[in-house]
Amino acid sequence: MSEALLDIAGLRVTFAGGTAAVRGTAIAVNRGETHCLVGESGCGKSVSALAVMNLLARGASRSADRLRFAGEDLLSLSDTGMARLRGNRMAMIFQEPMTSLNPAYTVGSQMTEVHRRHKGSSRQVATDRAAEMLARVGITAPGMRLGQFPHQLSGGLRQRVMIAMALMCDPELLIADEPTTALDVTVQAQILRLLAGLQRDLGLAVLLITHDLGIVARVADRVSVMYAGEVVESARTNDLFARPQHPYTRGLLDCVPVPGKIRPGEPLGSIPGVVPRVRAGFQGCGFRDRCAFAMPECAAEVPRHAAGEAHDYLCRLAADWSGLRGAA
Amino acid sequence: MSATPAIEVKSARRTFRTSGGLFGTAREVVAVDDVSLAVPAGSVLGIVGESGCGKSTLARLILGLLPTTAGEVLVDGQRLDGMDRRFRAELIQPVFQDPFASLNPRRRIGDIVALPLVAQGKFAGAEIGRKVAEMLERVGLASDMAGRLPAELSGGQRQRVAIARALILRPRIVVCDEPTSALDVSVQAQILNLLAELRREFNLTYLFISHNLAVVEHVATEVAVMYLGRIVEQAPTAELFHAPRHPYTRALLASVLTPEPGLGVPDVGLGDILPDPANIPPGCRFHPRCPVAIERCGSVAPPLLAAAHSRVECHLAVAGAA
């Protein structure tokens, strides 16, 4: 296996207030692969992505053992060097397209700006490219849409425009942060289907951030589950759903109502307590306060175990331990 | 089960006037169009549909927070319009989506939960204090929470406060409008389980509005599907999920992404035309997006096909093709 396109190890982000948002995250996104980063609000999944793009808010500090993109070391890259990558070889789309599109400029002028800046293309070439990309994401009458303002588009259309804009310069990596959370279910399915098709056709690497295990199951090749700033489990998608190891992953899977699995009226599985805010200097397992299997030693450093090929998890329990749901 | 439905809506209609902006002409938006339904006491009616389909407006009509433009709403057999507000509060209560917006940030939790009792004006201070403490304990909040402010609570705890406030008067009916949509998955399950326990314990009737079909399938006994202001299909939950008759219901079900790897993202078969409540298409209002529409759908409104426990509005359901 060649080197991962995006290779992150030991990523740490601490905010000025002393909150340790990301605590030693390791993620590897391979070329042509969709990697899902899944977790609940505040677990550090969005912050990890922003740290990769070097878009963290002022006051946040980032460090990492390794942060490489296509063989290039992002940690030592200058701001201009990073700006040359962003929107060009690595692009990002966000949850709420209305807040990431500029309301004062037309779709066309925002889309062409990216291309003219990074590729040095003429207005005409950039406009042709924008129309081509709008058609590529399934927008009919792209010429008309180029002249419209963001508020004239529906939520689903705006997200398609965002995707088209992100793909203007033919990036190798697309980071999508909850791209369908603000959309209706039918539109969500359409957008995800579009993303999956583009990923396949263009050979894109996609890092998809979501809280929705249904989305993970349907689009991901690999999954990393985050909790309290750490990747607590990482595996191929089939493997994660078939043999979840970390007590948090198991608990999370039990929380989701699955038609046919839990009879109506029966209680859902749930995880007691709430997601903790982790301060800098926190030691041990971040899940131990909510874990039914916590022991005193969980307050010390937790080992990362392997559970078969390309499957690891952060817990002192041995692989394929039985518990919560019997032999999993 | 008593013969009087807990909620009965008869041909309810609600329109809004929107300003057309500086130069535009004012338009009329029909948010709820000729909706009739009956919710038997003790059951859970789930209402599903996309944003703008009128499900929240319907909830507000049933809560009496908005008057109907036409038609009427009966709660426990009594007409809502003209009903005394204090009396209404003892019958029906809401739980809203966003526990960050529905709790007064300047009031302490104990005062927020006590307010419905205080507003009734017939309870003594000591009795109010006792009832509040009991209810906070019942929804799973520690007693010291009473002195805290909403900002000190997590989303799940705030939703517990909203539920305690809704139940403090021991109403018969609770309208839950997207009660778990703002919550994390692990907390959503806690709140759904709590709502289910409380329903059994207090013999409540729920109107449960959600865009999450998996959640609705789990909690509802019967489901109504709304599209652009109308109920296009209604049936007992198992029937609706296993044998959907309306093409829109089928599209909604197809778009549910269950956590089953390997299935990929389904093709829901809908075009890119999105529904606009201010511009309702003629004939069947779903026809511009419908994958199986026939010529008649574009001009003739589909008939209502009603059986004892189910109803559907679709031309193809008549022909038996659906």
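Data block above holds the structure.
Quantities reported herein were computed from a predicted structural model and do not represent experimental measurements.

A. Looking closely at the overall build of chain B. Along the backbone of chain B there are 10 helices and 12 strands. What you see for chain B is a C-alpha radius of gyration of 21 Å, in line with the 20 Å of a compact globule of 322 residues. Residues classed as buried in chain B amount to 52% of the 322 residues present. Put simply, 65% of the contacts in chain B that link residues at least 6 apart link residues at least 24 apart. Here chain B has roughly 13800 Å² of accessible surface; of this, 51% comes from carbon and sulfur atoms. Taken together, the 33 basic and 32 acidic charged side chains of chain B have centroids lying 6 Å from each other.

B. Fine view of the overall build of chain A. Within chain A one finds 11 helices and 13 strands. Taking 20 Å as the expected radius of gyration for a compact globule of 328 residues, we find that chain A reaches 21 Å, a close match to that expectation. Principal axes of the C-alpha set define a box for chain A whose edges measure 65 × 50 × 40 Å. Looking at chain A as a whole, 53% of its 328 residues qualify as buried. Of the contacts formed within chain A by residues at least 6 apart in sequence, a portion of 65% connects residues at least 24 apart. When the accessible surface of chain A is split by element, carbon and sulfur atoms take 50% of a total near 13600 Å².

C. Quick look at the layout of surface pockets. All names here are of chain A. For the second largest pocket, the calculated volume is near 680 Å³. Contributions of two or more residues to the lining of the second largest pocket are made by helix H1 (45-53), strand S7 (90-93), helix H4 (107-119) and helix H7 (155-166). Considering only residue class, the lining of the second largest pocket consists of 13 nonpolar, six polar and three charged.

D. Region of the structure containing the pattern of salt bridges. Scanning the entire structure with this criterion turns up 31 salt bridges over all chains. Residues A:Asp7 and A:Arg66 are paired through a salt bridge, measuring 2.9 Å at the closest nitrogen-oxygen approach. In this pair, A:Asp7 is assigned in strand S1 (residues 6-14) and A:Arg66 in strand S5 (residues 66-69), connecting sequence segments 59 residues apart. Owing to a relative accessible area of 12%, A:Asp7 belongs among the buried residues under this scheme. With a relative accessible area of 37%, A:Arg66 lands in the partly exposed category. Residue A:Arg31 is joined to A:Glu172 by a salt bridge in which the shortest nitrogen-to-oxygen separation is 3.5 Å. Pair noted here: A:Arg31 is in the loop between strand S2 (20-29) and strand S3 (34-38) and A:Glu172 is in the loop between H7 and strand S8 (173-177), with a separation of 141 residues, a long-range link. One continuous salt-bridge network, built from bridges that share partners, spans B:Arg13, B:Asp33, B:Asp34, B:Arg230, B:Arg285, B:Arg311 and B:Glu313.

E. Looking closely at helix H3 (residues 109-120) of chain B. Residues and elements named next belong to chain B. All buried positions along H3 are accounted for by Ile109, Gly110, Ile112, Val113, Ala114, Pro116, Leu117 and Gln120. Contacts made by the buried residues of H3 are with helix H2 (85-91), helix H4 (125-138) and helix H5 (155-167). In the stretch just after H3, glycine 121 is the one whose phi turns positive, near 70°.

F. View of the packing of aromatic side chains. Inspection of every chain in the model, using the stated rule, returns seven aromatic pairs over all chains. Ring geometry for B:Tyr248 and B:Phe286: centres 5.2 Å apart, planes at 65°, overall edge-to-face. Note that B:Tyr248 is positioned in helix H9 (residues 247-254) and B:Phe286 in the loop between H9 and strand S11 (304-306), a separation of 38 residues in sequence. Every member of this aromatic cluster is reached through a ring pair, and the members are A:Tyr227, A:Tyr248 and A:Phe287.

G. Up close: the environment of A:Leu173. Structurally, the position occupied by A:Leu173 is in strand S8. When neighbours within four sequence positions are excluded, A:Leu173 is seen to be in contact with A:Leu5, A:Leu6, A:Val29, A:Phe69, A:Arg89, A:Met90, A:Ala91, A:Ala205 and A:Leu207.

H. Looking closely at the sheet that holds strand S5 (residues 78-79) of chain B. All names here are of chain B. Spatial ordering of the open sheet is given by S2-S1-S4-S5, a layout of four strands whose pairing is antiparallel. Edge positions in the sheet fall to strand S2 (27-39) and S5, since each of these pairs with one other strand and no more. Bridging between strand S1 (residues 7-18) and S2 involves nine bridges; their strand directions are antiparallel. The residue of S2 that forms the bridge with threonine 15 is valine 30.

I. Quick look at the interface of chain B and chain A. Opposite the 40 residues of chain B that make contact, chain A presents 44 residues. A combined buried area of about 3500 Å² lies between chain B and chain A, and 59% of that area is made up of carbon and sulfur atoms. Where chain B touches chain A, the interface holds zero salt bridges. For the interface between chain B and chain A, the tally reads 15 residue pairs in polar contact (both at pLDDT 80 or more). Broken down by secondary-structure element, the contributors of at least two residues to the side of chain B that touches chain A are helix H6 (185-202), helix H7 (213-219) and H9 of chain B. A total of nine residues in the side of chain B that touches chain A trace back to one element, the largest contributor, which is H6(B). Here the side of chain B that touches chain A is built from residues that sort into 19 nonpolar, 13 polar and eight charged.

J. Highlighting the nonpolar core. Grouped together as the largest cluster of nonpolar side chains are 134 residues, with contacts concentrated most on A:Met111, A:Val161, A:Ile163, B:Ile163 and B:Phe208. Apart from the residues within four sequence positions on either side, B:Phe208 is in contact with B:Val44, B:Leu45, B:Gly46, B:Ile47, B:Cys176, B:Pro179, B:Leu192, B:Leu195, B:Val215, B:Val216 and B:Val219. Counting residues in hydrophobic clusters, the runner-up holds 32 residues, among them A:Val22, A:Met53, A:Met82 and A:Leu207.

K. Examining the pairing of S3(A) more closely. All names here are of chain A. Of all the five residues making up S3, five are buried; the element is thus mostly covered by neighbouring parts of the structure. Pairing of S3 with strand S9 (residues 205-210), which is carried by five bridges, proceeds in the parallel orientation. If you follow valine 38 over to S9, its bridge partner there is threonine 210. In this sheet, strand S10 (residues 222-227) lies alongside S3 in parallel orientation, the contact comprising four bridges. Bridge pairing in S10 places leucine 37 opposite serine 224.

L. Local environment of the environment of A:Arg123. As for its position among the elements, A:Arg123 is in helix H5 (residues 123-136). Each C-alpha atom, one on A:Arg123 and one on A:Met168, is 14 Å from the other, the two residues being 45 residues apart in sequence.

Cut-offs used in this document
Residues numbered from 1 in each chain as written. Chains lettered and ligands numbered in written order. Predicted model: local features only at pLDDT ≥ 70, side-chain atom pairs only at ≥ 80, totals over all residues. Heavy atoms only, no water. Helix = DSSP H or I, 4+ residues; strand = E, 2+ residues; numbered from the N terminus. Rg over C-alpha atoms; globule rule 2.2 N^0.38 Å. Buried < 20%, exposed > 50% of the residue type's maximum accessible area, 1.4 Å probe, protein only. Contact = heavy atoms within 4.5 Å. Areas by Shrake-Rupley, 256 points an atom, 1.4 Å probe, with all protein chains shown as cover. Lys, Arg positive; Asp, Glu negative; His and termini not counted. Charge placed at Lys NZ, Arg CZ, Asp CG, Glu CD. 1 Å grid on protein atoms, 1.4 Å probe; cavity = no way out; pocket = protein on both sides within 12 Å on 5 of 7 lines; lining within 4 Å. Points joined across faces, edges and corners; volume = space filled by probe spheres on them. Nonpolar A, V, L, I, M, F, W, Y, C, P; charged D, E, K, R; others polar. Salt bridge = Lys/Arg side-chain N within 4 Å of Asp/Glu carboxyl O. Phe/Tyr/Trp six-rings, centres within 6.5 Å; stacked < 30°, edge-to-face > 60°. Pairing = 2+ DSSP bridges. Buried area = accessible area lost by both parts, 1.4 Å probe. Polar contact = N/O pair within 3.5 Å; in protein donor to acceptor, adjacent residues only side chain to side chain. Core = buried A, V, L, I, M, F, W, Y, C linked by side-chain atoms within 4.5 Å.

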